[in-house]
Amino acid sequence: MKIYIIIPAYNEAQFIGKTLQSLINQSTPASKIVVVDDGSTDETPKIVSEFDIKNPQISLVNNNAMGKHMPGSKVVNAFNKGLQTLDNDFDIICKFDADLIFPENYLERICFHFKESSKIGMVGGFCEIQKNGKWARENLTGSDHIRGALKAYRKACFNSIGGLKPAMGWDTADELLAQYHGWEIKTDAKLKVKHLKPTGKEYTKTSKYKQGEAFYSLRYGFAITLIAAAKLAIKKKDFGFFLNCIKGFLYAQNKKRPYLVNKDEGRFIRNLRWKKMQEKLF
């Protein structure tokens, strides 16, 4: 299966070399790896260019965006910039972060799962962070969710969901919409990826409000938002995060912000969320 990878990057000089080397070392290599430099002020583009010279499958795209590389629309816009440079001759399209070290069999296992069933639309492993000298799972989401840091899509699935939504919550919207269109999501606990920069390290208070806005945009409704925000706050051990989520939801509701999904999709998403909550309780 032909794999294309897009890596949005902003000031990742400390990590991008390790990420690219781990992808070069894959037992099943990617056909193309595009790094989109999103206006870095460090040596990120220089490092990528050095890899580009020695590895023809790697290319650098400069995206002169202003401001920090924050979650949501900015990272998706950078991804889409890279997507525009690629042809359509791929089987799998990946959106990876620039601060990851992948095990050598990562792409091989991704291909295995896609070949396993034509119903599987998305595949991913799990991020680990270093704690007290040991690598442990970055336990921010459930075991059935693929983190935005390491998304892999079957082309037909990617097309059916209309690509990635340029908004906070895109990495939840994609999975929910994939299921709406009849695709299955596959996670592999054996695929452990080293995450060199823990999620949220550079997020501001404003960006945390956006999590609540994302729940609103996915048409969760207030009850599901309360539960989802509480679960995330418990995982993060941060009650302030819960308050920020609720404030963000209420702000978006008051301003009547646009939704990421239509009414039918929203109804499906709420039913799916309630069903999964019931399964975990009973």
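In case you missed it, the structure is sitting above this.
Residues numbered from 1 in each chain as written. Predicted model: local features only at pLDDT ≥ 70, side-chain atom pairs only at ≥ 80, totals over all residues. Heavy atoms only, no water.

Colleague: Hey, could you run me through empty space enclosed by the protein in this one?
Modeller: Throughout the structure, instances matching the rule amount to one cavity of 30 Å³ or more. Put simply, the largest cavity is a space of about 40 Å³. Surrounding the largest cavity, F126, C127, R137, E138, T141, G142 and R147 form its lining. Its residues assigned to classes, the lining of the largest cavity shows two nonpolar, two polar and three charged. (1 Å grid on protein atoms, 1.4 Å probe; cavity = no way out; pocket = protein on both sides within 12 Å on 5 of 7 lines; lining within 4 Å. Points joined across faces, edges and corners; volume = space filled by probe spheres on them. Nonpolar A, V, L, I, M, F, W, Y, C, P; charged D, E, K, R; others polar.)

Colleague: Would you explain the environment of D89 in this entry?
Modeller: In this fold, D89 is placed in the loop between α3 (73-83) and β4 (92-96). Sequence separation of D89 and Y4 is 85 residues, and the distance between their C-alpha atoms is 9.1 Å. With sequence-adjacent residues up to four places away left out, D89 is seen in contact with K2 and Y4. Here the side chain of D89 touches K2 through a polar contact of 2.8 Å, side chain to side chain. (Helix = DSSP H or I, 4+ residues; strand = E, 2+ residues; numbered from the N terminus. Contact = heavy atoms within 4.5 Å. Polar contact = N/O pair within 3.5 Å; in protein donor to acceptor, adjacent residues only side chain to side chain.)

Colleague: What is the right way to read the environment of G248 from this model?
Modeller: With respect to the secondary-structure elements, G248 resides in helix α9 (residues 239-255). For the pair G248 and E279, spaced 31 residues apart in sequence, the C-alpha to C-alpha distance is 28 Å. Residues contacting G248, with those up to four places away along its chain left out, are Y209, G212 and E213.

Colleague: Just to check I follow, could you spell out the packing of aromatic side chains for this structure?
Modeller: In this description, an aromatic ring pair is defined by two values, namely the gap between the centres and the angle between the planes. Evaluated as defined, the whole model comprises 12 aromatic pairs. Each ring, one from Y4 and one from F90, has its centre 5.4 Å from the other, and the planes form 45°; the classification is tilted. Within this pair, whereas Y4 is found in strand β1 (residues 3-9), its partner F90 is found in the loop between α3 and β4, the two being separated by 86 residues in sequence. Given the relative accessible area of 2%, Y4 is considered buried. Taken together, the ring pairs connect Y216, F222, F249 and Y259 into an aromatic cluster. Sitting over the face of the ring of Y10, K74 holds its NZ or CZ atom 5.9 Å from the ring centroid. Across the ring face of F90, the terminal group of K155 is positioned such that the distance to the ring centre comes to 5.3 Å. (Phe/Tyr/Trp six-rings, centres within 6.5 Å; stacked < 30°, edge-to-face > 60°. Buried < 20%, exposed > 50% of the residue type's maximum accessible area, 1.4 Å probe, protein only. Lys NZ or Arg CZ within 6 Å of the ring centre and 35° of its normal.)

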